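Structural overview
One-letter residues, chain by chain:
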Amino acid sequence: MGWLFYTDRRVQTYADEKAEIARLCTFESDRRKTELVKACKVGSTWYAAAKVTSIDGSPVEDTTYLTDADGSITFGAVFLTRYDDGCWGYKDMEESAGPNESRAPLGLIERLSDLKDEGSYAQDWRQRCRDWASIPDYEEGDKIRLAAPVTLTDGSTCQIVTATYYKRGRQKRRCYRIEETGGLVRLSKASLAGSELLSSAKGAASPVLAEFLAGRDA
């Protein structure tokens, strides 16, 4: 399915988007009904968990999902979104189609029904979401070794870096200090996959406290 844009511009805010995702995940037929149970936006992509139940209360039979204890199934969906000339649009796909975007939070993944085929596209998508969630969120002062050297724009590489930040206006922006040169570099979260913490900022002594204690010992 391609992109669908709303030319009436009724979707303009985060709340509008969430309400529209809920509407798109809510429908009813003669035999089944579907409703949104959780939705999360990461970047410009919405991730949704939608629950399917039978109108007559019987267990839902499906070729992809195992039926939950209450007789329902819950599947994952991905909505790519963007604005074009002020008009909001989306492109949706179900998890079994193997979406490229795979940053759904673990809280959403845990709401989904078990899969019948562990080698399916849906299983691969869920694992990629888990892998993304497992990438550490380092703190200022943490010294880390990247899983592989990263090539910079000048052709040089770096592998051991320390988390720090620089200021832009009133905001702090995360960056990393290169061990070999002392230069600063911005790294994407993806480049931190498989990285190793060499020393933690939490375990480091406060330089102010160290100076104070050195003065007392003098």
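Residues numbered from 1 in each chain as written. Predicted model: local features only at pLDDT ≥ 70, side-chain atom pairs only at ≥ 80, totals over all residues. Heavy atoms only, no water.

Thoughts on the overall build of the protein
Keep this limit in mind: Each helix is a run of H or I in the DSSP string that is no shorter than four residues. Each strand is a run of E no shorter than two, and both are numbered from the N terminus. The globule rule used for comparison is 2.2 Å times the number of residues to the exponent 0.38, while the radius of gyration itself is calculated over C-alpha atoms. Relative accessibility under 20% of the residue-type maximum defines a buried residue, over 50% an exposed one, and the middle range a partly exposed one, all with a 1.4 Å probe and only protein chains included. We call two residues contacting when some pair of their heavy atoms lies within 4.5 Å. Here the positive residues are Lys and Arg and the negative ones are Asp and Glu; neither His nor the chain ends is included. Charge positions are represented by NZ for Lys, CZ for Arg, CG for Asp and CD for Glu.
Scanning the protein from terminus to terminus reveals four helices and eleven strands. In summary, the protein has a C-alpha radius of gyration of 23 Å against a globular reference of 17 Å for 218 residues, an excess of more than 25%. If you line up the protein on its principal axes, its C-alpha atoms span 85 × 45 × 40 Å. Out of the 218 residues in the protein, the part that is buried amounts to 32%. For the protein, contacts bridging at least 24 residues in sequence account for 51% of all contacts bridging at least 6. On the protein, the mean spot of the 31 positive side-chain charges and the mean spot of the 34 negative ones are 6 Å from each other.

Brief notes about helix α3 (residues 121–133)
Quick reminder of the rule: A helix is expected to span 1.5 Å for every residue after the first.
The end-to-end C-alpha distance of α3 is 19 Å, a good match for the 18 Å that 13 residues give at a rise of 1.5 Å each. Looking only at α3, the buried set comprises A122, Q123, W125, R126, C129 and W132. Lining the buried residues of α3 we find β4 (45–54), β5 (73–84) and α2 (106–109).

A look at the pattern of salt bridges
The following threshold applies: When a carboxyl oxygen of Asp or Glu lies within 4 Å of a side-chain nitrogen of Lys or Arg, that pair is called a salt bridge.
Per the counting criterion, the structure on display carries ten salt bridges. D85 is paired through a salt bridge with R9; the nearest N and O atoms lie 3.9 Å apart. One end of the pair, D85, is in the loop between β5 and β6 (87–94); the other, R9, is in the loop between β1 (4–5) and α1 (14–24), and 76 residues separate them in sequence. Accessibility expressed as a relative area gives 41% for R9, which makes it partly exposed. Among the ionic pairs, E196 bridges to R145, the shortest N-O distance being 3.8 Å. In this pair, E196 is assigned in strand β11 (residues 196–199) and R145 in strand β7 (residues 143–151), connecting sequence segments 51 residues apart.

Re the packing of aromatic side chains
Threshold: Ring pairs shown here join Phe, Tyr and Trp side chains whose ring centres sit within 6.5 Å, with only the six-membered ring taken for Trp; geometry is labelled stacked below 30 degrees between planes, edge-to-face above 60, and tilted in between. Note on geometry: a ring has a charge over it if NZ (lysine) or CZ (arginine) is within 6 Å of the ring centre and within 35 degrees of the ring normal.
Throughout the structure, instances matching the rule amount to seven aromatic pairs. With a centroid separation of 5.3 Å and 35 degrees between ring planes, the pair formed by Y14 and W46 is classed as tilted. Separated by 32 residues along the polypeptide, Y14 in helix α1 and W46 in strand β4 bring together distant segments of the chain. A residue is classified by how much of its surface remains accessible, and Y14, at 48% relative accessible area, is partly exposed. Through a chain of ring-to-ring contacts, the aromatic side chains of Y6, F79, W88 and Y90 assemble into a single cluster. The lysine or arginine in question, R82, covers the ring of W3, its NZ or CZ lying 4.1 Å from the ring centre.

Description of the sheet that holds strand β8 (residues 157–168)
Filter applied, for reference: By the convention used here, strands pair only if DSSP detects at least 2 bridges between them.
The five strands lie next to each other as β10-β9-β8-β7-β11, forming an open sheet whose pairing is antiparallel. Of all strands in the sheet, those bounded by a partner on one side alone are β10 (184–185) and β11.

A few points about the UniProt feature "domain: DUF6927" (unreviewed entry) in the protein
Selection rule: UniProt positions are given in the numbering used here, feature names are shortened, and annotations may be inferred rather than shown by experiment.
In the numbering adopted here, UniProt assigns the feature "domain: DUF6927" (unreviewed entry) to residues 117–190. Helix makes up 18% of residues 117–190 and strand 42%, with an end-to-end C-alpha separation of 28 Å.

Notes on the nonpolar core
Rules: Residues grouped as a nonpolar core are buried Ala, Val, Leu, Ile, Met, Phe, Trp, Tyr and Cys residues, joined through side-chain atoms within 4.5 Å.
Of all hydrophobic cores here, the largest spans 19 residues; its most connected members are I21, C25, F75, F79 and W88. At the level of secondary structure, the elements contributing two or more residues to this core comprise β4, β5 and β6. Those residues in contact with F79, other than ones at most four positions away along the chain, are I21, L24, C25, S44, T45, W46, A48, Y90, K91 and D92. By size, the runner-up hydrophobic cluster in this structure holds 15 residues, among which are I135, C158, V161 and I178.

Quick word on the pairing of β5
Bridging between β4 and β5 involves eight bridges; their strand directions are antiparallel. Following the sheet pairing, T45 is matched in β5 by L80. Bridge analysis of β5 against β6 gives eight bridges, and the strand direction is antiparallel. Bridging from a neighbouring strand, D84 pairs with C87 of β6.

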